[in-house]
Amino acid sequence: MTVTELIEKARAHSTIVGVGALVLMFGAGYGVGFVRTTAQIKNLVANIVPIREHNFKYQFISPLLGYNFGTAKQRIRDTNLEDKLATYVHDQYAQKNAQNISVYFRNLGTGVWAGIDSDRPYHPGSIMKVLILIGYLRQSQVNVTTLDTYLLYSAVTDQEANLVEFSTPTELVVGHRYTVRQLLKTMINKSDNGAETLLLDNIDTNILDAVYRDLDIKIPGEVVDYTISPDEYSAFLRILYSSTYLTEINSELALSIMSNSVFKDGLSAGVPVGMPVAQKYGEHIDFDATGKYPEAIEFHNCGIAYASQYHYLLCVMTKGAYTGAGASDEDRLKTIVKDISGIVYRY
C-alpha cells in the first residue's frame, strides 16, 4: 500500500479506530493516557494535507502532487544522520572552508529525511534549468510537436547568452537550428547557457510559472533577488521521481537526461563510479551593495542517487568567501558537496 493510500485510510478510519480502542483501553485502566495519545495521533493525521496542482483548471479532477506532512514530518526525521552531517559541517566552518552549508536528504522509499539548515535561502544559479526542462515536457503533453520543434540560434540570442553569469562558450552555432529535445539535453547535460537562453525565449511562460505555483514556490520573474532553499528545491525532484506532475514517460525522460550530465564533481564524486545520479549543479557570485565587487561565491548540487539498496534525494547548497583566487574558491565548495555525498552514501 502506498503512502497516499495509508494516509487516506488513516483519515477514513481514525475516528472508528479511536473510539473502538478507547473503549478497550478504558477497560484496562489506561483511559487517560490513551485519550491523550489518540488525540495526538488524530492531530498528526489532520495536519497531513495534500498538495494538488491547478495548472490547467480541470473541471472534474484535482491531480495529487504529494503531501505536506506538517508536524508529522518530525516523526520521520533521521537525527543520527543529522548528527554525522552536523559534525562535518561544523568542522568545515572551523576551517573557514565555507560561510554557509545547507543539506536536505530524503529516502525516497520510506520518506525518512534529514536536514542541516535546509530552510536557508540561496541564489540558485543553473539548478533552475531543471524547471525549464519540466516546463517544456509539461508543454509537450499539451502540444505533442513541442520536443521536435526547431528553434533558431541567432546572433541576438548568442549575445544574450554571453551575459549569463559563469557563462562558458556555448556549443551552439549562430544561424543553426536545433530541436527543443536537443536543446534540453545540451542545457542539462552540459549546463549550456546558449541552449538555456534560446529555450527561455520560446517557452510558454504560463506553463513554466504554473510549475512554481502548483508547488507553492515563488516565481523568479516576480522577485527581484530570487532565492530558494534546499528544502524547497527538493520538491521539483520529488515530483519527477514520483511522476506526479509529468507523465511517467516524461518523468523518466527528464531524470534520464539529468543522469547523463558531464559534471562528475560534487554529488557524483561522493558515490561509487558508475552509480547513477540524476543531478544538476549551479553557481552564483554575490556582489557587495554597490554591485561592483564580488564578495561571495555559491555552489549547489541537487539530485537523486540510485544506490543499489535504496534511492535517495540529496540537495546541498553552499556559500563561501570570494578571494579572487579563481577555481580554488569554487573547488573548496565542490569538495564539501562531494564529502557530504559520501557521508550520506556510506550511512
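Everything in this summary refers to the structure shown in the same document.

Definitions and limits used
Residues numbered from 1 in each chain as written. Predicted model: local features only at pLDDT ≥ 70, side-chain atom pairs only at ≥ 80, totals over all residues. Heavy atoms only, no water. 1 Å grid on protein atoms, 1.4 Å probe; cavity = no way out; pocket = protein on both sides within 12 Å on 5 of 7 lines; lining within 4 Å. Points joined across faces, edges and corners; volume = space filled by probe spheres on them. Helix = DSSP H or I, 4+ residues; strand = E, 2+ residues; numbered from the N terminus. Nonpolar A, V, L, I, M, F, W, Y, C, P; charged D, E, K, R; others polar. Contact = heavy atoms within 4.5 Å. Polar contact = N/O pair within 3.5 Å; in protein donor to acceptor, adjacent residues only side chain to side chain. Salt bridge = Lys/Arg side-chain N within 4 Å of Asp/Glu carboxyl O. Buried < 20%, exposed > 50% of the residue type's maximum accessible area, 1.4 Å probe, protein only. Axes fitted to C-alpha atoms, helices over the stretch in contact; angles between N-to-C directions. Parallel < 35°, antiparallel > 145°, perpendicular 65-115°, else oblique. Left-handed = near helix turned anticlockwise from the far one by under 90°. Pairing = 2+ DSSP bridges. Arc of directions from axis to C-beta.

For the rest of this paragraph, the subject is the layout of surface pockets. Unoccupied space between atoms shows up once a probe the size of one water molecule is rolled over them. Approximately 830 Å³ is the volume attributed to the second largest pocket. Along its surface, the second largest pocket is lined by 32 residues, and Gly-125, Ser-126, Met-128, Val-164 and Glu-196 are the ones closest to its centre. At the level of secondary structure, the elements contributing two or more residues to the lining of the second largest pocket comprise helix 4 (129-140), helix 7 (193-202), helix 8 (205-214) and strand 7 (277-287). Broken down by element, the lining of the second largest pocket gets its largest block of residues, four residues, from helix 8. Taken together, the residues of the lining of the second largest pocket break down into 17 nonpolar, nine polar and six charged.

In this fold, His-311 is placed in strand 9 (residues 311-321). In this structure, the C-alpha to C-alpha distance between His-311 and Thr-110, residues 201 residues apart in sequence, is 9.7 Å. Look past the residues within four positions of His-311 in its chain and what remains in contact with it is Arg-106, Asn-107, Leu-108, Gly-109, Tyr-241, Ala-305 and Tyr-306. Within the local environment of His-311, its side chain forms a polar contact with the side chain of Tyr-241, the two groups lying 2.8 Å apart.

Within this structure, the stated rule accounts for nine salt bridges. Salt-bridge contacts for Asp-148 lead to Arg-181; the nearest nitrogen and oxygen are separated by 3.6 Å. Here Asp-148 is found in the loop between helix 4 and strand 5 (150-152), whereas its partner Arg-181 is found in helix 6 (residues 180-189), with 33 residues between them in sequence. In this structure Arg-181 comes out as partly exposed when scored by relative accessible area, which is 31%. Among the salt bridges present, the one from Lys-334 reaches Glu-330, with a minimum N-O distance of 3.6 Å. In this pair, Lys-334 and Glu-330 both sit in helix 11 (residues 327-346), four residues apart, roughly one turn of the helix. Assigned by exposure class, Lys-334 and Glu-330 land together as buried. One network of salt bridges, in which partners are shared, links Asp-265, Glu-330 and Lys-334.

Attention now moves to helix 8. Counting buried residues in helix 8 gives seven out of ten residues, a clear majority hidden from the surface. Restricting attention to buried positions, one finds in helix 8 the residues Ile-207, Leu-208, Asp-209, Ala-210, Val-211, Tyr-212 and Asp-214. Where helix 8 begins, the capping side chain belongs to Asp-204, and its oxygen is found 3.0 Å from the backbone nitrogen of Asn-206. Positive backbone phi, approximately 55°, marks Asp-216, located one or two places after helix 8.

What follows covers the packing of helix 4 against helix 10 (residues 248-258). Two numbers describe how helix 4 lies on helix 10: the axes approach to 10 Å, and their chain directions differ by 150°. Relative to helix 10, helix 4 is oriented roughly antiparallel. Crossing of helix 4 against helix 10: the hand is right-handed. Across from Val-130, Leu-133, Leu-137 and Ser-140 in helix 4, the residues of helix 10 making contact are Asn-250, Leu-253, Ala-254, Ile-257 and Met-258. A per-class count over the contact of helix 4 with helix 10 returns seven nonpolar, two polar and no charged.

What follows covers the sheet that holds strand 8 (residues 294-306). Spatial strand order, 4-3-9-8-7: five strands in an open sheet with antiparallel pairing. Whereas interior strands pair on both sides, the edge strands pair on one side only; in this sheet they are strand 4 (113-116) and strand 7. Geometrically, the sheet is characterised by an average inter-axis angle of 5° between neighbouring strands, direction not taken into account. The pairing of strand 7 with strand 8 spans eleven bridges and is classified as antiparallel. Note on strand 8: the bridge partner recorded for Phe-287 is Pro-294. Packed on one face of the sheet, helix 10 meets strand 7 and strand 8 and runs near 65° to strand 7.

As a further point, take empty space enclosed by the protein. Tallying each qualifying case throughout the model produces one cavity of 30 Å³ or more. Volume-wise, the largest cavity comes out at about 40 Å³. Broken down by secondary-structure element, the contributors of at least two residues to the lining of the largest cavity are strand 8 and strand 9. Residue composition of the lining of the largest cavity, by class: eight nonpolar, two polar and no charged.

Those residues of helix 10 not exposed but buried are Asn-250, Ser-251, Ala-254, Leu-255, Ile-257 and Met-258. Along the axis of helix 10, the buried residues cluster in a sector spanning 160°; they form a single face. Of the exposed residues in helix 10, those oriented more than 90 degrees away from the buried face are Glu-248, Ile-249 and Glu-252. Of the surrounding secondary structure, the elements contacted by the buried residues of helix 10 are helix 4, helix 6, helix 9 (230-242), strand 7 and strand 8.

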